[in-house]
Amino acid sequence: MTMKLSWLLVVSCVAVLGWCKPRGKHGFFDDEADDLPKMHIQVMKEREQKPSAPRKPHVDKTAEEKKADETVTKDPCAGVWCQLGRACKVNADGFGKCECGDEKLCLGHHKKVCGTNRVWYPSHCELHRQACVLRQHIRIDHTEMGCVEQESRKEEASKKESVDKKSNKEESTKKDVPKPSEIKMANKKSVKKDLEFQKPNEVHIESHTVDLHSVEEEKTSDHHRHNKHHSKKDDTKSKKKEKKEKNNKDSVEKVHHDSPKDQPSLSLKMNKMLKEQKMEKAQAKDFAVVYAVCTEEDYKSFKDAVVKYHCKRMEIDCKNRKQLLGNLMFAYYDADLDGVLVESELAAIHKRDSLDSLTDSGCKLTDLLVFDNKDSKAHEMSNAEFFTAFDIPTVHLDEDMKTFTYQASVGDKNGLQLKCGIQGARDIIWKRNGVDLKKSTIEDVEVLQDHSLYIGAVGLHHMGNYSCLDWTYKGIVQTHVLKVQAAPEVQVTPSTQYYRAGSSISIKCHADGIPSPVLSWEVNETPIILDPEHKHYATFYNNQTLQISKADATKDTGAYKCLAKNSAGQGQDIATIFVGNSDEHSYRGNHHYEVFVVFHSEGYHVFHPDSCSLVHLIKGDYKEFKKDAMNTATVPETLCQLGVPCTWGAAVNVKNRYVYASQPELNRVVVIDIKGGSNPVQVIPTDFTPVELQYVEHLDEVWVLCWNSKENTSSKTVVVIRKASEEDPHHAVHTRPVGDRFDLVQNIFLPTKNDFNHHFDYGYVVHNEQQGLHKIHLKTMKYVKTVDFTKYSCVPQNLAFVPLGGYVVVDCRSPAGKPPQEKQLLMDYITDAVINERDVIGQPYVSPDSRYIVSVDNKEQSVTIQRVSDEGQITYGFKRFTGMRLSDVAFYPSLDGKGYDMFATSKDHADMLFLDLEGLRMEVIEGIGETAAEDKFKWGTKNRVITSGGVFGDYLMSPSTKAAVIIDGRNHHVHCEWPNIKDSAVVVWVEPMHL
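Right, let's walk through the structure included here. (Residues numbered from 1 in each chain as written. Predicted model: local features only at pLDDT ≥ 70, side-chain atom pairs only at ≥ 80, totals over all residues. Heavy atoms only, no water.)

### Some details on the overall build of the chain
Piece 1. Scanning the chain from N- to C-terminus turns up 16 helices and 54 strands.
Piece 2. Buried residues in the chain amount to 46% of all 995 residues.
Piece 3. Total accessible area on the chain stands at roughly 53300 Å², and carbon and sulfur atoms take up 50% of it. (Helix = DSSP H or I, 4+ residues; strand = E, 2+ residues; numbered from the N terminus. Buried < 20%, exposed > 50% of the residue type's maximum accessible area, 1.4 Å probe, protein only. Areas by Shrake-Rupley, 256 points an atom, 1.4 Å probe, with all protein chains shown as cover.)

### Some thoughts on a nonpolar patch on the surface
Piece 1. A contiguous nonpolar patch, built from Phe-540, Tyr-541 and Leu-895 and spanning about 260 Å² of accessible area, is present on the exposed surface.
Piece 2. Its location among the elements puts Leu-895 in the loop between β46 (886-893) and β47 (900-906).
Piece 3. For Leu-895, a relative accessible area of 32% corresponds to the partly exposed category. (Patch = residues over 30% accessible without salt bridge, like charges linked within 9 Å, V, L, I, M, F, W, Y side chains within 5 Å. Salt bridge = Lys/Arg side-chain N within 4 Å of Asp/Glu carboxyl O.)

### Overview of the pattern of salt bridges
Piece 1. Counted under the stated rule, the structure contains 28 salt bridges.
Piece 2. Between Asp-356 and Lys-364 there is a salt bridge, and its shortest N-O distance comes to 3.2 Å.
Piece 3. Among the residues examined, Asp-356 registers a relative accessible area of 43% and is labelled partly exposed.
Piece 4. Close ionic contact of Lys-879 with Glu-860 constitutes a salt bridge, the shortest N to O distance being 3.2 Å. Taken together, the positions of Lys-879 in strand β45 (residues 874-881) and Glu-860 in the loop between β43 (852-857) and β44 (862-868) put the pair 19 residues apart, joining distant regions of the chain.
Piece 5. Ionic contacts of the salt-bridge type, sharing partners, join the residues Arg-885, Lys-907, Asp-908 and Glu-934 into one network.

### Topic: unusual backbone geometry
Piece 1. Cis rather than trans, the peptide bond between Ile-514 and Pro-515 has omega equal to -5°.
Piece 2. As for its position among the elements, Pro-515 is in the loop between β16 (505-514) and β17 (518-523).
Piece 3. The phi torsion at Cys-612 lies on the positive side, around 50°, for a residue other than glycine.
Piece 4. Residue class for Cys-612 comes out partly exposed when judged on its relative accessible area of 23%.
Piece 5. The phi dihedral of Thr-689 is positive, around 60°, even though this residue is not glycine.
Piece 6. Mapped onto the fold, Thr-689 is located in the loop between β29 (679-685) and β30 (690-696).
Piece 7. A relative accessible area of 8% places Thr-689 in the buried class.

### Details of the state of the cysteines
Piece 1. Counted under the stated rule, the structure contains 12 disulfides.
Piece 2. With a sulfur-sulfur separation of 2.2 Å, Cys-106 is cross-linked through a disulfide to Cys-125. Its S-S torsion of approximately -75° makes the covalent link between Cys-106 and Cys-125 left-handed. Here Cys-125 lies in helix α4 (residues 124-134) and Cys-106 lies in the loop between β2 (96-100) and β3 (113-114), a separation of 19 residues in the sequence. This pair shows no difference in class: Cys-106 is buried, exactly as Cys-125 is. (Disulfide = S-S within 2.5 Å.)

### Things to note about the sheet that holds β17
Piece 1. Spatially, 5 strands are ordered β15-β22-β21-β17-β18 in an open sheet, and the strand pairing comes out mixed. On the outer flanks of this sheet lie β15 (496-500) and β18 (526-527), each paired with one strand and no other. (Pairing = 2+ DSSP bridges.)

### A look at the nonpolar core
Piece 1. Counting 57 residues, the largest nonpolar core has Trp-430, Tyr-466, Leu-773, Phe-789, Val-810 and Tyr-829 as its most contacted members.
Piece 2. If one sorts the elements of this core by residue count, strand β39 (residues 807-813) sits on top with 5 residues.
Piece 3. In contact with Tyr-829, not counting residues within four places along its chain, are Ile-442, His-461, Phe-760, Asp-761, Tyr-762, Tyr-764, Lys-775, Phe-801, Gly-806 and Val-808.
Piece 4. If you look at the next biggest cluster of nonpolar residues, it comprises 30 residues, including Cys-318, Leu-324, Phe-330 and Leu-346. (Core = buried A, V, L, I, M, F, W, Y, C linked by side-chain atoms within 4.5 Å. Contact = heavy atoms within 4.5 Å.)

### What about the environment of Phe-625?
Piece 1. With respect to the helices, strands and loops of the structure, Phe-625 is situated in the loop between β25 (613-619) and β26 (651-654).
Piece 2. Distance from Phe-625 to Pro-636, taken between C-alpha atoms, is 7.5 Å for residues 11 residues apart in sequence.
Piece 3. The residues touching Phe-625, leaving out its near neighbours within four places in the chain, are Val-635, Pro-636, Thr-638, Leu-639, Pro-680, Val-681, Gln-682 and Val-683.

Structure (structure tokens):
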């Protein structure tokens, strides 16, 4: 019967505690759930093995007893448990409620304790009662130092009183029982000597032989204390001893002659005497414990010993199953299974398991409430606090959940939410490259209130690793690997073509995505089937070019669709082809049309590279500007100053509609309508000496860096021209100042256009000789953060953005005053954290498809090529020695349709470098014209520029000292030259749709 009840109790406890759930009332975890029933059975067996009092035989209750039980059960306070210092009282509604106890609550409690408020209390109970009454958080100060210091201050104050009172106090103190605080501050040997108590002589009431030495000694002591101000100082100890012996003798004789009727009175005196001596012994024992203070060092050693003790007792591999050990220990200590440990439970376990044998420092289990009870109530310890006390993780992460991979696509409208899978984690933090994401300035990355990570508009720069962990247990980390795909972006050219029957037609298609897409062709929604001999349809360059031979007016007229597919989706673009009969009106083929605008000392030229023809010429005395009715002051008299050569700083293509060109010496930017005859239409005043221009396409803004001087100093300013592609009159506005000043800029770095149409929302500004960057929000033009590179001794010189993986490559030199050194830093765009110092040096360039990083080192005359995978991983490529110093770099679509190749001009020679980035084949193209002197153009560092066309461009432009040189990118030779073009260092490529 007993065994059945025990098993029933086990099953009930398991059901109540919810041990079958992933985490129950006491904080147990999934990986330990299978062991908990065994654990509880073991705990119950140990408790059954304890000696217990014999059960009394069952006796039926009387009617009066049953009535009394019913009265008890109807008591509103029955079953109400109150905290220490409180008692249950029936309120006006007839319900039991815990309230602060009155003075009678602590009667019978005599153990003196020190409170954390430096006040002595007669008992532990009274301390908690006063804490309740005063509404203060008062705990037991086991060191008692606060109370001792308070007493010392009182003693110092009392010394100022009269000498008589001081003398009386000192004499009475000598005969009082030593206080714990006095014993604690005394020498250990003297404390032990003072605390020795003589055992009382045995009392035999029946034989009337009683030694009342201690009783009479107490009376004598009381009499002496009452008359001590009348005693003489020259009394000797021998006289006192004789007096005590005489009194004792008289007392014994008196007892011998007492009548039997006085014996009960004597027995009461004897019991009182024995009780007082027993209390003195207990008090002495308590004082000895107070003297053995448990220090933090002793406490740590004691906890280690307790853990080893339970590991051995429970036969557990504590190194690998520490959480199981914590659960077993907590269940073993929690006698009433209420989910918290109180002082009485800890003291009972300490005594039952004889844990004093583990240490001689005086530390006990109850010290857990002193050192490690930080969060909950002063008199109890929670499961989490218990785990923290023994350095047991309260969190858990399965081995197969340490790394979790997500797949997302660019432009997901619902965003992406990552949830941390660490069980039991309460204070979760998210990191990327070691930086807390709450500190990130990126607006689309946010840590929500439920501790999940939310990524709003998923982009290529979001790919990478995100880690979550609990702040308390940083060693348990879950890594979320985010892989981002991009559906293909597709373009065809030209959009419309007119051909005569029998002619050949060529349609080009460019597509890029993550992963790389597969291309196919359709005509009028029907897939094109290639014949084996390619007599009619043929494809080239990895299916990117469709060739139609001997076009037929009936069969080949239609809509040609280029389809690109990958795992993220598909994209398409359509070219419309019209084929006319040979006997009808002759159709002219509208082939892909591209032009180069070359700025020089006499004005600018517009060249068509395919036909090597001059499309337009605008000289410096041009006057036909559009009139601005709102501001006639912005209308110039001529394009350039009469009689003075034109000077140009830079030029940018604005959506193939306008070209913006800066005129440093005239403090303005010229707007050229490339689709409306290539004429200048407006000038926009800026700060002094506008030199560099950069176009941010997704914001339709032109950013202008103004030198404010003819020298390249650190007093530059930045102005922005908004709505650059619109016809309305434009004006320039300043960015937000730094330190209440606009003119502190040395350089500005903005992201360039890429094939994925990926948008970067932030750029970086560098100040003169500062070891760091200022991050600027492009839309608000506000500085949001300063990135410090002092640790790396890095003064930024150049910068390149890598969309795949969200990297920023920083080209550095050492600050002034330090040994000259060049290096590169790889920085995370989202967190601005430096990922590593790269062993690559030189100015970085990134290909439009983001798959190559090319670093040009002119000191070593070498280039280093690194590849970027679809997962955003940068792998070390190869270093090639060029044998020349490079002036400028341009990327050109690869002939095989896979990525890009690179062309570069020389600073010193009339040569050009070609580099196959995939195959690493290098070629030198000679005879491209004389290169200008290195200091020829004061507004830039490039003495020979090179500009390539778009994804469908076949040519590149690189002006020499006397001509505009057009290079055939496919065949690697000079296509044609246009002479008498002098002092040209600014070229821009444009693809107008309707010229």
